[in-house]
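One-letter residues, chain by chain:
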Amino acid sequence: MDGFINKLRSLDAYPKINDDFYSRTLSGGVITLVSSVVMLLLFISELRLYLHTATETKLVVDTSRGETLRINFDVTFPALPCSILSLDAMDISGEQHLDVKHDIIKKRLDAHGNVIESRQDGIGAPKIEKPLQRHGGRLEHNETYCGSCYGAETSDEECCNSCEDVREAYRKKGWGMSNPDLIDQCKREGFLQRIKDEEGEGCNIYGFLEVNKVAGNFHFAPGKSFHQSGVHVHDLQVFQKDSFNISHKINRLTFGDYFPGVVNPLDGVLWTHQTPSGMYQYFIKVVPTVYTDVSGHTIQSNQFSVTEHFMSAEQAHFQALPGVFFFYDLSPIKVTFTEGHISFLHFLTNVCAIVGGVFTVSGILDSFIYHGHRAIKKKMEIGKFS
C-alpha cells in the first residue's frame, strides 16, 4: 500500500515549495492585483453572454409553396377624401381584388388631421321621395323597389337600388360614369354633393390584405377601377376634377407578423405632393424570414427593402393614373433567426480559459520583471551597469 501511495505521489504535476523559499515582491503584488481585476471583469463579461440569448442567422433557399402573404398597412392621405379613395390588389397569377372593402377601415380627417365622426349615407342633396323604377315609373305604395342599372345589368332580374350598385354594375361592364346627376340613385343620395362637402378633407386607411405569395402590386387611387381593352383604369370623370393631391404618410407597412429586431424601412415615411398629377411608386423586395425564439416558438414573417420613384403626368407617355403604388416581388432566399443560450460546458470552458490565460500571462510578466530587476541589481553591485 505504501509503495502505491509513493508511486501516486511521484505523479504530482504540482510539486510544493517550502514557504521558506518564497520571495514576495512589490511588483508581484501589483501584478496579482491587476490580474485579479482583469479575471473578474472577463468573468462578468462571459457570465453576461451566458445569461443572455444569442441569435444565429442562416440563409437558406425558400422551398415553401402554396402560402399566402399578409400585408398590413396604415396610410394617411391628408388631401384625399375617403369617399373617392379606393384600394386595389393584383398579382402575376391573374388574381385581382378591385375596390377592396373587407378588412380595411377608413377614417375621415379634417384639414388639421383630426378624426371626423362618420356620417350616414344620403346626406347632401334633397332626398327624392319616389325613386325611379327600372321600368321607368316612380315607386308607388306597396310596390317593391327595383332601380335601373342604366344598361349595365347582366340579367333582366338585376336591380341597382343605390348609387354604389350602379357604379359597381358600370365597373363590371368596363364603363365610366361621366355625370352622376343623370343617375337617379346618385342624385337621390346626393353623391356629387357629398364629394363637394368632403373637399379639403383627408383620409386614414388601415387594415390588411391576404394575397398569394407571388409577385404583384396593390395601390391606393381615386375612383372605381375596371378593365377596358385589357388595361386597368380608374373612373375619374365622376369626380369632375382635373388633378388629385396624392400626398401621403405611411404610418406602418409590414409583410407579415412582427418579430424582435425587425426594421420596416417605410414606417413613418412622408411624401408631399408638388405637381398637379402623378404616380408615386414603391418597388419592394420581400425577403421571407423565420424567427424562432429561445422557447421554440416560431414566427413566419418577412423583411423587405424598397426603392421609390415618382412619375409625373408630363414624364409619362400615357395618362398616368394618380395614386400610390406598391410593387412587390419575393426573394428566393429565406433568412432564419434562431435564439439560443450558450451551453454550460462552453461557458465553463471559457471561464477556465480566462483564469488559466490571465494566470499564465501574469506569471510570465512577473518572472520577466523579477529576473530583470535581479540582473540589473547584480550588475550595479559589481559596477558594470552604466
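Anyway, here's the lowdown on the structure attached to this text. (Residues numbered from 1 in each chain as written. Predicted model: local features only at pLDDT ≥ 70, side-chain atom pairs only at ≥ 80, totals over all residues. Heavy atoms only, no water.)

Moving on, we come to the packing of aromatic side chains. On inspection of all chains with the given rule, the structure shows 22 aromatic pairs. Considering the side-chain rings of phenylalanine 218 and tyrosine 328, the 6.4 Å spacing of their centres and the 45° angle between planes classify their relative orientation as tilted. Placement of phenylalanine 218 in strand E7 (residues 216-222) and of tyrosine 328 in strand E14 (residues 323-330) is noted, with a sequence separation of 110 residues between them. Residue classification places tyrosine 328 among the buried residues on the basis of a relative accessible area of 4%. Here phenylalanine 283 and phenylalanine 327 contribute two aromatic rings whose centre-to-centre distance is 5.4 Å and whose plane-to-plane angle is 15°, an arrangement assigned as stacked. (Phe/Tyr/Trp six-rings, centres within 6.5 Å; stacked < 30°, edge-to-face > 60°. Helix = DSSP H or I, 4+ residues; strand = E, 2+ residues; numbered from the N terminus. Buried < 20%, exposed > 50% of the residue type's maximum accessible area, 1.4 Å probe, protein only.)

Okay, the pattern of salt bridges next. This model, assessed by the stated rule, comprises five salt bridges. The partner of aspartate 62 in a salt bridge is lysine 334, and the shortest N-O contact between them spans 3.6 Å. Taken together, the residues aspartate 62 in the loop between strand E1 (54-61) and strand E2 (68-77) and lysine 334 in strand E15 (residues 333-340) connect sequence positions 272 residues apart. With a relative accessible area of 15%, lysine 334 lands in the buried category. The partner of glutamate 201 in a salt bridge is arginine 108, with the nearest N and O atoms 2.6 Å apart. On the criterion of sequence distance, the pair formed by glutamate 201 in the loop between helix H5 (191-197) and strand E6 (202-212) and arginine 108 in strand E5 (residues 104-109) is long-range, its members being 93 residues apart. (Salt bridge = Lys/Arg side-chain N within 4 Å of Asp/Glu carboxyl O.)

Right, let's talk about the pairing of strand E13 (residues 298-312) for a bit. Sheet analysis places strand E12 (residues 278-292) next to E13, joined by 15 bridges and oriented antiparallel. Counterpart to glutamine 281 in the pairing with E13 is histidine 309. Where E12 folds back on E13, the antiparallel hairpin that results is connected by five residues, among which glycine 296 adopts a positive phi of roughly 95°. (Pairing = 2+ DSSP bridges.)

Attention now goes to empty space enclosed by the protein. For the structure on display, the rule yields two cavities of 30 Å³ or more. Along its surface, the second largest cavity is lined by Ala89, Met90, Asp91, Glu95, His97, Val211 and Tyr328. No other element matches the three residues that strand E3 (residues 85-91) contributes to the lining of the second largest cavity. (1 Å grid on protein atoms, 1.4 Å probe; cavity = no way out; pocket = protein on both sides within 12 Å on 5 of 7 lines; lining within 4 Å. Points joined across faces, edges and corners; volume = space filled by probe spheres on them.)

Strand order across the open sheet formed by five strands is E5-E6-E2-E10-E11, with antiparallel pairing between neighbours. If you trace the sheet from one side to the other, it starts and ends with E5 and strand E11 (269-271), each paired once. Across the sheet, the axes of successive neighbouring strands diverge by a mean angle of 20°, strand direction being ignored. Summarising the sheet, E2 and strand E10 (residues 248-255) pair through six bridges and their orientation is antiparallel. (Axes fitted to C-alpha atoms, helices over the stretch in contact; angles between N-to-C directions.)

Let's shift gears to the packing of helix H2 (residues 26-51) against helix H6 (residues 344-382). In a pair of packed helices, the angle between the axes and the distance between the axes together describe the arrangement. The contact between H2 and H6 brings their axes to 10 Å, and the two run at 165°. Between H2 and H6, the angle is such that the two are roughly antiparallel. Viewed along their axes, H2 and H6 form a crossing whose handedness is right-handed. Residues Ser27, Gly28, Ile31, Ser35, Val38, Met39, Leu42, Phe43, Glu46, Leu47 and Tyr50 of H2 form the contact with H6, whose participating residues are Phe344, Phe347, Asn350, Val351, Ile354, Val355, Val358, Phe359, Ser362, Leu365, Asp366 and Ile369. Classifying every residue of the contact of H2 with H6 gives 16 nonpolar, five polar and two charged. (Parallel < 35°, antiparallel > 145°, perpendicular 65-115°, else oblique. Left-handed = near helix turned anticlockwise from the far one by under 90°. Contact = heavy atoms within 4.5 Å. Nonpolar A, V, L, I, M, F, W, Y, C, P; charged D, E, K, R; others polar.)

Let's shift gears to the side chain of serine 362. Structurally, serine 362 is set in helix H6. Exposure remark for serine 362: the relative accessible area of 13% places this residue in the buried category. Serine 362 has contacts with Ile31 and Ser35, leaving out every residue within four places of it along the chain.

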